[in-house]
Amino acid sequence: MNEIPKIYDSKQVEEKWYKIWEEKGFFQPKIDLSKKPFTVVIPPPNVTGILHIGHALNNILQDILIRWQRMNGVPALWVPGTDHAGIATQNVVEEKLRQKNLKRQDLGREKFLEEIWQWKTRHGGTIIEQLKKLGCSCDWSRERFTLDQGLSQAVQQAFIHLYNKGLIYRGSFIVNWCPRCQTALSNEEVQHEDKQGNLYYIRYPFKSVGQSSSQPAWTGRSADYVTVATTRPETMLGDTAVAVNPKDKRYKKFIGKKLILPVINKELEIIADQMVDPEFGTGAVKITPCHDPNDYEISLRHCLKGVVVMNPDGTMNSNAGKYQGMDRFGCREVLLADLKEKGLVEKVKLHQHSIGHCYRCHTMIEPFFSEQWFVKMKQLAQPAIQVVKQAKIKFYPGRWTKVYLNWMDNIKDWCISRQIWWGHRLPVWFCRDCYQKYLSRRLAKEIDLPLQISDKQAGIIVSQTKPSKCPKCGSVNLKQDEDVLDTWFSSWLWPFSTLGWPNDTEDLKYFYPTSVLVTGYEIIFFWVARMIMAGIEFTGRIPFEQIYIHGIVRDKTGTKMSKSLGNVVDPLDIIKEFGTDSLRFSIISSVAAGQDVFLSKERFIVGRNFSNKIWNAARFILINIGSLKQADPKLFSKTSFNLADKWILSRLNKTVKLVNGSLKNYRFSEAANVIYEFFWHEFCDWYLELVKPLDSKPEITRAVLCHVLEASMRLLHPFMPFITEEVWRKFSDQQGSIMTASWPEVNRGLLDDKAEADMGIIIDEITGLRNIRAEWNIPPSKKVDLVISTPVKYQSVLKNNSSWFKDLAGVGNLKIAAKIGRPDNTVTVVVKGIENYVVLKGAIDLKKEKKRLSKQIEEFNGRLNRIQGKLKNKSFISKAPKEIVKKQKLQEKDLSARLKIIKQHLSEVIGE
């Protein structure tokens, strides 16, 4: 017999088994054409990342599915990998350079990229090692990185394919711009926060007859100006019009009139547009096409030109006049001071509004007119919409289907170029000679909108390799585009590029499409929707069949976890203190389908206690039986079982059935809690007690005990892989690994509703008797006599199993019959119409009990009278806080109920 220590050492067990699993290649599936595989691709964590509780949740869910399918005999592949995280990784390395008073420009592109690759080599594998601590059974031999050679080839092929199809284009439009990172961001990369700001009311004077724009004619009279409200006064330097709503009666007579832009003294026209909200500010808004997306849309409808007044770093450019070189916020202060001096600031009001911030460095985003590369998304979206509508791809929970379809129906073109160095460089070359002609127009002070580039005119060539010359002018003066692709451009290829696409590999042919994607709802648009579009476009097949969307982890108050709030739960700290299995089970048992998860450190005590329960139960069985041997099939038949055996086997098989159904529908917490209830309460609390002492039980009962324990370990393995492996292997005749053992199957022949109903009666009876003993303070050593008056239909089950009343409820003499009268000095408990009379005479001192109960009645009556006196006092009711009055009423109700019970005890048992 293997020894099983008294205390479970999670650290030693976890390190031992994970190493063995990896060495034995248990995570690596074999291609078997006779079986349909189960494939999951990991949402690739950033190479800069360290394990946080959100990673833990996401990856535990995937590991449960993979281990479950593996035990079902399915070739189960979990593809791991990391994302190069362009902006985030570049920021990390740039910060290290800043500590040396260096910029990336000081090193140059090639040297800077060498620095990043060195950083990646040193630190990029940190999160992978941490995922292993979590027990993740990924096939590490297939680990991928979004900048490795194969994925780079996939990215280039995808870009060229879309370009040749006319779905990628270059143009200048309003984009989300981060002045700190100095790069464009997609809409999904901008995090909006409600902030307290100001709304500035600024007077724009009318142009008088014969007045030149350099001679403002405002005299200070209200009729001489229009007041506009803005949250960003510094952008007014790029105004090209003032707009009002055509239905706004206040301004109808002014439409078409001319205003003078303050400070700049530029002539503006008042235009009418339906987009203007008459309720915002004064109902008149400035139009700055190159610095506001709504203004840009208005400018297209009214053929307005645009003026860029900022540099990419957020400072003001030459178009800002005397404010050139100032930071955007510094410019705001100086400009407002100038306007106030001229009497042009009418008022300033506090204003709560949503402000976009860079998702990486949290700098305030600037809407910015910039030349970028875009993907036309409408055409790609249509087939991706249809596969979801046709249920070829299903969301779990289903409510996310509507969210996905709504976004897809309103999808915008995707800005895919980023002005950084770390990433997939665009396979694009410029003819310097042709492009120079285009630039002369681009740098003009006023720009015709929209400005979409004609590739031939601008000398743009898209190719995987550098072309020998410009196809338009024949020049060899060529240069590759400096930009790199948005990180998500490689990630949207992840389900098939990781399997070898664009090459027709064996992995791609067998393991693609993948089976399920497990991810959080915050990246449905970043990633999920784009992967569906990419899968259909590039492979002709959907990338996955099902999508499980889980919530985010919050603290116990519902607040999102963040380092700044100090409410972060570090999974590595939890593993160190409680063990990996405790972490996994505690999280999963908290995950309601698709809902956010509320966690506190105290929650992990649940998992630790469950681990201890498993260990102690296994240790008790092993010590008392010796090994987990399979029962002789000839003995293991329904006719050989007693009621407890039939009951626990039926409950085991129903548990397996429920767990299967829950996992198929991604109800993870339901599955975990079903197992918990079965193992802890039914198996440990009841079956183990029912069959003690083990050495006196027949072979078949001992075999049932071992069978249920062993099957429970297999059932628990996907949730708690380490302790289940350790317990499973502690029994001498088990070979291999539990992770490759078969998943428990439902044996319908062992499902027994009658046995469950009968045992339910026995359990309820014993529970009721134990409650009576507790209520009457009957010492455990005292036996009580019991008289049971039962309907005829329950007589046989009670008589045949009466020994359990004596063993588990401390019953001495027992009488069971139909329609027995109630004896004296008894207390009654009724279970399903069965009247149980517990004789207290001899079990307790009736005189002492009478005295104790009488004293309690006197005490409770006194307290009740005082409370009722307060509640009858009108002055108390009117003056006391509502909470105090409510508390007094609850106390009155509680005392009245307790008095009723005590008086009933005196009447029924003592006879008074």
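What counts, and at which threshold
- Residues numbered from 1 in each chain as written.
- Predicted model: local features only at pLDDT ≥ 70, side-chain atom pairs only at ≥ 80, totals over all residues.
- Heavy atoms only, no water.
- Helix = DSSP H or I, 4+ residues; strand = E, 2+ residues; numbered from the N terminus.
- Rg over C-alpha atoms; globule rule 2.2 N^0.38 Å.
- Buried < 20%, exposed > 50% of the residue type's maximum accessible area, 1.4 Å probe, protein only.
- Contact = heavy atoms within 4.5 Å.
- Areas by Shrake-Rupley, 256 points an atom, 1.4 Å probe, with all protein chains shown as cover.
- Lys, Arg positive; Asp, Glu negative; His and termini not counted.
- Charge placed at Lys NZ, Arg CZ, Asp CG, Glu CD.
- Salt bridge = Lys/Arg side-chain N within 4 Å of Asp/Glu carboxyl O.
- Pairing = 2+ DSSP bridges.
- Polar contact = N/O pair within 3.5 Å; in protein donor to acceptor, adjacent residues only side chain to side chain.
- Axes fitted to C-alpha atoms, helices over the stretch in contact; angles between N-to-C directions.
- Parallel < 35°, antiparallel > 145°, perpendicular 65-115°, else oblique.
- Nonpolar A, V, L, I, M, F, W, Y, C, P; charged D, E, K, R; others polar.
- Core = buried A, V, L, I, M, F, W, Y, C linked by side-chain atoms within 4.5 Å.
- Phe/Tyr/Trp six-rings, centres within 6.5 Å; stacked < 30°, edge-to-face > 60°.
- Lys NZ or Arg CZ within 6 Å of the ring centre and 35° of its normal.

J.: Can you help me understand the overall build of the protein in this one?
T.: A tally of helices and strands in the protein yields 30 helices and 32 strands. The globule rule puts the C-alpha radius of gyration for 912 residues at 29 Å, and the 37 Å found for the protein is more than 25% above it. Relative to its 912 residues, the protein shows a buried fraction of 55%. By sequence separation, contacts in the protein at least 24 residues apart represent 80% of the contacts at least 6 residues apart. Accessible area of the protein: about 41000 Å², with a carbon and sulfur share of 49%. The protein carries 133 positive and 100 negative side-chain charges, and their two centres are separated by 4 Å.

J.: Could you clarify how one ought to interpret the pattern of salt bridges in this entry?
T.: Two side chains with opposite charge may pair up if their charged atoms get near one another. Scanning the model with the defined rule gives 46 salt bridges in all. Between K509 and E506 there is a salt bridge, with the nearest N and O atoms lying 3.1 Å from each other. Linking K509 with E506, this pair stays in helix 16 (residues 506-511), spanning three residues, or about one helical turn. Residue K832 is joined to D764 by a salt bridge in which the shortest nitrogen-to-oxygen separation is 2.9 Å. Residue K832 is located in the loop between strand 31 (826-831) and strand 32 (834-839), and its partner D764 is located in helix 25 (residues 753-775); the two are separated by 68 residues in the primary sequence. For K832, a relative accessible area of 49% corresponds to the partly exposed category. When its relative accessible area of 32% is taken as the criterion, D764 is described as partly exposed.

J.: How should the pairing of strand 8 (residues 225-230) be read in this particular structure?
T.: Strand residues, when the strand is regular, have side chains that alternate between the two faces of the sheet. Burial analysis of strand 8 places six of its six residues in the buried class, which makes it a mostly covered element. Along strand 8, one buried face is formed by Y225, T227 and A229 and the opposite face, lined by V226, V228 and T230, is buried too. Two strands pair when backbone bridges link them, and strand 7 (residues 190-205) and strand 8 are joined in this way by six bridges, in the antiparallel orientation. Looking at the pairing, Y200 lines up with T230 of strand 8.

J.: What is the right way to read the side chain of R418 from this model?
T.: Note on placement: R418 falls in strand 18 (residues 417-418). For R418, the side chain forms a polar contact with the main-chain oxygen of C415, separated by 3.0 Å. Those residues in contact with R418, other than ones at most four positions away along the chain, are T183, A184, L185, S186, E189, D483, V484, L485 and D486.

J.: Got a minute to help me understand the packing of helix 10 (residues 378-389) against helix 17 (residues 524-539) in this structure?
T.: Two measures define how a pair of helices packs: the angle their axes make with one another and the distance between the axes. At a minimum axis distance of 9 Å, the contact between helix 10 and helix 17 shows a crossing angle of 105 degrees. In terms of their interaxial angle, helix 10 and helix 17 are classed as roughly perpendicular. Contacts between helix 10 and helix 17 involve L380, A381, P383, A384 and V387 from the former and I532, M533, I536 and E537 from the latter. The residue inventory of the contact of helix 10 with helix 17, partitioned by class, reads eight nonpolar, no polar and one charged.

J.: Explain helix 19 (residues 580-588) to me, please; I cannot follow it from the model alone.
T.: An α-helix turns once per 3.6 residues; consequently, residues spaced three or four apart project the same way. Burial within helix 19 is extensive, with nine of its nine residues counted as buried. Every buried residue of helix 19 is listed here: T580, D581, S582, L583, R584, F585, S586, I587 and I588.

J.: Please clarify how the sheet that holds strand 16 (residues 394-396) should be interpreted in this entry.
T.: Across a sheet, paired strands are connected by hydrogen bonds in the backbone, their directions being either parallel or antiparallel. An order of 16-26-25 is seen for the three strands of this open sheet, with the pairing classed as parallel. Only two strands of the sheet have a single neighbouring strand rather than two, namely strand 16 and strand 25 (514-520). Averaged over all neighbouring strand pairs, the angle between strand axes comes to 20 degrees, with direction disregarded. Pairing of strand 25 with strand 26 (residues 544-550), which is carried by six bridges, proceeds in the parallel orientation.

J.: Looking at this structure, how should I read the sheet that holds strand 30 (residues 811-817)?
T.: Strand order across the open sheet formed by four strands is 30-29-32-31, with mixed pairing between neighbours. Each having just a single partner strand, strand 30 and strand 31 make up the two edges of the open sheet. Taking the axes of each pair of neighbouring strands and ignoring which way they run, one obtains an average angle of 20 degrees across the sheet. Alignment of strand 29 (residues 784-789) against strand 30, held across five bridges, turns out to be parallel. Residue pairing in the sheet places V784 in a bridge with V811 of strand 30.

J.: Just to check I follow, could you spell out the nonpolar core for this structure?
T.: Core analysis: the largest hydrophobic core is formed by 225 residues, its most contacted members being F159 and F489. For this core, the element with the highest residue contribution is helix 22 (residues 668-691), accounting for 15 residues. Residues in contact with F159, not counting those within four places in the same chain, are I168, W373, I416, L426, P427, V428, V462, L485 and F489. Among the nonpolar cores identified, the runner-up in size contains 41 residues, and L259, L261, Y296 and A320 belong to it.

J.: Could you clarify how one ought to interpret the packing of aromatic side chains in this entry?
T.: Centre-to-centre distance and the angle between the planes together describe a pair of aromatic rings. Evaluation of the coordinates by the stated rule reveals 44 aromatic pairs. Ring plane angle 55 degrees and centroid distance 5.4 Å describe the contact between Y18 and F27, whose orientation is recorded as tilted. Between the aromatic rings of F610 and Y676, the centroid separation amounts to 4.8 Å while the plane-to-plane angle is 55 degrees, which identifies the pairing as tilted. You can see F610 sitting in helix 20 (residues 604-625) and its partner Y676 sitting in helix 22, a full 66 residues away along the chain. For the pair F610 and Y676, a shared accessibility class is recorded, and that class is buried. Counting every residue linked through ring pairs, the aromatic cluster contains F159, Y163, W373, W414, F489, W492, F496, W501, Y512 and F538. Above the ring of Y201, the side-chain terminus of K347 is found at 4.6 Å from the ring centroid.

J.: Please clarify how the packing of helix 2 (residues 53-71) against helix 19 should be interpreted in this entry.
T.: Two numbers describe how helix 2 lies on helix 19: the axes approach to 10 Å, and their chain directions differ by 90 degrees. Judged by the angle between their axes, helix 2 and helix 19 are roughly perpendicular. For the pair helix 2 and helix 19, contact is made by I53, A56, L57, I60, L61, D63, I64 and R67 and by L583, R584, I587 and I588, respectively. Classifying every residue of the contact of helix 2 with helix 19 gives nine nonpolar, no polar and three charged.

J.: Would you take a moment to explain the environment of P43 for this structure?
T.: Its location among the elements puts P43 in the loop between strand 1 (38-41) and helix 2. Once you skip the residues sitting within four places of it in the chain, P43 turns out to touch N58, Q62, V518 and W527.

J.: Could you clarify how one ought to interpret unusual backbone geometry in this entry?
T.: Note: most residues except glycine have negative phi, and most peptide bonds are trans. The linkage connecting Y396 with the following residue, P397, adopts the cis geometry, with an omega of -5 degrees. Within the secondary structure, P397 sits in the loop between strand 16 and helix 11 (399-409). A cis amide bond links W501 with the next residue in sequence, P502, at an omega value of 15 degrees. Mapped onto the secondary structure, P502 falls in the loop between helix 15 (494-497) and helix 16. Look at Q182: it is not a glycine, yet its phi comes out positive at around 50 degrees. Among the structural elements, Q182 can be located in the loop between strand 5 (168-178) and strand 6 (183-185). Of note in the backbone geometry, H362 takes a positive phi value of approximately 70 degrees without being a glycine. Structurally, the position occupied by H362 is in the loop between strand 14 (345-358) and strand 15 (366-375). What makes H362 partly exposed here is its relative accessible area of 48%.

J.: Even after reading the chapter, I still don't get the pairing of strand 7, so can you show me in this structure?
T.: One ladder, built from 13 bridges, connects strand 7 with strand 14; its direction is antiparallel. Within strand 14, the residue paired with H192 across the bridge is G356.

J.: Would you mind going over the environment of I461 with me for this structure?
T.: Mapped onto the elements of the fold, I461 is located in strand 22 (residues 460-462). For the pair I461 and D481, spaced 20 residues apart in the sequence, the C-alpha separation amounts to 9.8 Å. In this view, I461 contacts P427, V428, W429, P467, K469, C470, P471 and L478; residues no more than four positions away in its chain are not counted.

In short, geometric facts, not functional conclusions.
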